[in-house]
Amino acid sequence: NNSWIYIPRQIFIYTSLNGTDFELTAIQPVVPDTTQVVMQKVEWEAKDARYIRVRIEPFGIIPAGFPGEGNQAWLFCDELFVE
């Protein structure tokens, strides 16, 4: 959080069989927190999906009393694992 990096508010997962027509298959609400969370694990089970699209809603404006208050929080994502 000292670098203004916060976990997202929500994660939306879409799946598709053809890569063109995507269907929303999961919404993962994340409880926005101002503690030192460094990873967020999201699990869901998809049926008959060949393509996956992930949309992440960022934390937003940093609340008062925390590093970067009043500014837009950063959101970094460097790895997605799909089994």
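What counts and what doesn't
Residues numbered from 1 in each chain as written. Predicted model: local features only at pLDDT ≥ 70, side-chain atom pairs only at ≥ 80, totals over all residues. Heavy atoms only, no water. Phe/Tyr/Trp six-rings, centres within 6.5 Å; stacked < 30°, edge-to-face > 60°. Helix = DSSP H or I, 4+ residues; strand = E, 2+ residues; numbered from the N terminus. Buried < 20%, exposed > 50% of the residue type's maximum accessible area, 1.4 Å probe, protein only. Lys NZ or Arg CZ within 6 Å of the ring centre and 35° of its normal. Pairing = 2+ DSSP bridges. Axes fitted to C-alpha atoms, helices over the stretch in contact; angles between N-to-C directions.

**Side note on the packing of aromatic side chains**
- On inspection of all chains with the given rule, the structure shows two aromatic pairs.
- Judged by centre distance (4.9 Å) and plane angle (25°), the rings of tyrosine 6 and phenylalanine 59 are stacked. You can see tyrosine 6 sitting in the segment before β1 (10-16) and its partner phenylalanine 59 sitting in the segment after β3 (51-57), a full 53 residues away along the chain.
- Using a relative accessible area of 3% as the deciding quantity, one classes tyrosine 6 as buried.
- Across the ring face of phenylalanine 22, the terminal group of arginine 53 is positioned such that the distance to the ring centre comes to 3.8 Å.
- The ring of phenylalanine 12 carries arginine 55 above its face, with NZ or CZ at 4.0 Å from the centroid.

**What about the sheet that holds strand β2 (residues 23-29)?**
- Taken in spatial order, the three strands line up as β2-β1-β3 in an open sheet, and their pairing is antiparallel. Edge strands, defined here as strands with exactly one partner in the open sheet, are β2 and β3. On average, adjacent strands in this sheet sit at an angle of 20° to one another, irrespective of strand direction.
- One ladder, built from seven bridges, connects β1 with β3; its direction is antiparallel. In the strand pairing of β3, phenylalanine 12 is matched with arginine 55.

These results come straight from atomic positions and should not be treated as a statement about function.
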